[in-house]
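Listed below are the residues making up each chain.
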Amino acid sequence: MINVTKTFLPPQEEFNAILKQAWDKKWITNRGNLVLELEKKLKTYLSVPNIIATTNGTLPLQIAIKALKLKGEIITTPFSYVATSSSIVWEGCIPVFVDIHPDYLTIDETKIESAITENTSAIIATHVFGNPCHVDKIEAIAKKHQLKVIYDAAHSFGVTYKGNSIFNYGDISACSFHATKLFHTGEGGAMFCNNQELFNTLFYLHNFGHDGPEQFQGLGINAKMSELQAAMGLAVLPYMGKILDERKRVINVYQRELIFSKLKPLIIRDNTNWNYSYYPVVFETEKQLKAAILELNKNNIYPRRYFYPSLNNLPYLKKVDMPVSESIAQTILCLPLSHDLNEASILKICEILNEIE
Ligand SMILES: *Cc1c(COP(=O)(O)O)cnc(C)c1O
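Overview of the structure. Please read these numbers as outputs of a predicted model, since none were measured by experiment. (Residues numbered from 1 in each chain as written. Predicted model: local features only at pLDDT ≥ 70, side-chain atom pairs only at ≥ 80, totals over all residues. Heavy atoms only, no water.)

## Re the pattern of salt bridges
As enumerated under the stated definition, the model contains 16 salt bridges in all. With a closest N to O distance of 2.5 Å, E91 and K66 form a salt bridge. Taken as a pair, E91 in the loop between helix 4 (82-90) and strand 4 (94-97) and K66 in helix 3 (residues 59-67) lie far apart in primary sequence, 25 residues in all. Taking the relative accessible area as the measure of exposure, K66 reaches 42% and is therefore partly exposed. Ionic pairing is found between E246 and R249, a salt bridge with its closest N-O pair at 2.7 Å. Of this pair, E246 and R249 both sit in helix 8 (residues 240-257), 3 residues apart, roughly one helical turn. For E246, a relative accessible area of 26% translates into the label partly exposed. The class for R249 is partly exposed, based on a relative accessible area of 29%. Residues participating in the shared-partner salt-bridge network are R256, E257 and E343. (Salt bridge = Lys/Arg side-chain N within 4 Å of Asp/Glu carboxyl O. Helix = DSSP H or I, 4+ residues; strand = E, 2+ residues; numbered from the N terminus. Buried < 20%, exposed > 50% of the residue type's maximum accessible area, 1.4 Å probe, protein only.)

Below is the structure:
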């Protein structure tokens with residue numbers, strides 16, 4: 001069976017050797033040595049000034065909204081994973097959707113200003129499939145209207161834009177290290193923020209507001225990464241070069257073999273060093289997409305409709321029309337992509353897709 005993704009598992013003895021450090025110290029959470037070591041290594045690997053490792057990629061979004069004291073309306077994208085919208089609602093704010101760009105699939109920055117009202121406090125946008133938003137334009141809009149910017153950078157591990165880590169853009173960025181993501185710790189994630197004062201606030205917030213064992217700086221929650229998660233990250237990190245090479249190999253075959261007349265690939269924004277995190281294709285019609293899924297499933301190949309449905313159709317939100325996002329959500333398919341997808345399988349997938357009428 002071939003799935004849309006396959007988690008990279010490091011050699012078990014390497015994972016165990018790292019875990020042994022936790023056993024020896026009898027210390028398995030509360031920011032132990034393994035979390036500290038992972039944060040240090042990631043800072044270097046990603047070229048970011050600071051990082052807070054977290055237990056998943058969703059709590060950082062909620063904590064970011066809290067830390068920036070956001071209220072009222074937050075402009076956001078309808079084309080993302082549900083966590084982007086649900087975090088806004090969970091924190092008592094109102095998501096105001098702005099449609100996406102049909103090629104880049106990120107929020108359409110030219111439509112943001114007309115959605116701003118006196119109640120708007122921020123923009124939360126997603127770097128979809130690791131493809132950066134138009135961060136420069138968004139920064140200019142935010143400055144002009146005094147809005148905060150949070151990036152859901154769950155897909156963007158290792159991406160650089162104009163030579164700078166994508167995590168360095170916006171007020172706060174959140175990444176996910178979930179097992180289905182490019183770099184993973186089983187469950188996990190991280191927050192990034194270049195403003196030291198705000199970073200300190202994030203730090204308190206992710207650890208109950210603790211300021212030492214007996215004092216509290218303020219309200220907080222528990223978003224700490226455990227030593228067990230960090231051990232997985234430390235075991236996976238040395239393989240990132242190899243993982244990226246293999247994913248690039250797979251994508252090169254897709255690019256070479258697929259016929260892009262009916263199908264459309266994702267267009268990566270200029271000045272981006274992309275991370276090969278997903279390989280989506282867009283069909284002309286949902287009928288073609290369904291036919292492709294049926295045929296692939298017959299061959300034991302399971303791609304995924306990602307993201308579907310468009311988030312403006314969530315049952316707990318007021319209905320609004322987002323024609324581009326809805327159309328893309330109905331016709332986009334993420335093809336299988338992993339470090340060990342073999343050439344024969346990729347060729348089979350391409351053959352099936354090329355035959356869809
Ligand atoms: C995976 C993902 C998240 C959530 O991350 P978790 O680590 O699963 O909590 C948020 N946003 C996007 C776009 C994602 O793909």
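## Focus: helix 2 (residues 33-46)
Helical geometry note: an α-helix holds 3.6 residues per turn, so side chains three or four residues apart project in the same direction. The terminal C-alpha atoms of helix 2 lie 20 Å apart, and with 14 residues this matches the ideal 20 Å at 1.5 Å per residue to within 8%. Every buried residue belonging to helix 2 is among L34, V35, L38, E39, L42 and L46, and all of these are buried. One side of helix 2 carries all its buried residues, which in axial view fall inside an arc of 135 degrees. When the buried face of helix 2 is taken as reference, the exposed residues oriented beyond 90 degrees from it are K40 and T44. (Expected span 1.5 Å × (residues − 1). Arc of directions from axis to C-beta.)

## Points about unusual backbone geometry
Here the residue pair Y306 and F307 is connected by a cis peptide bond, since its omega of 5 degrees sits within 30 degrees of zero. Note that F307 resides in the loop between strand 14 (301-302) and helix 10 (323-331). Of the consecutive residues Y308 and P309, the connecting peptide bond is found in the cis state with omega at -5 degrees. The residue P309 is located in the loop between strand 14 and helix 10 in this model. Residue F208 is not a glycine yet carries a positive backbone phi of 65 degrees. You can call F208 partly exposed: its relative accessible area is 39%. One non-glycine residue with positive phi stands out, namely Y276, at about 55 degrees.

## Remarks on the sheet that holds strand 11 (residues 264-265)
The 3 strands are arranged 11-13-15 in an open sheet whose pairing can be described as antiparallel. Of all strands in the sheet, those bounded by a partner on one side alone are strand 11 and strand 15 (332-334). One ladder, built from 2 bridges, connects strand 11 with strand 13 (residues 280-282); its direction is antiparallel. The residue of strand 13 that forms the bridge with P265 is V281. (Pairing = 2+ DSSP bridges.)

Bear in mind that shape data such as this cannot, by itself, settle questions of function.
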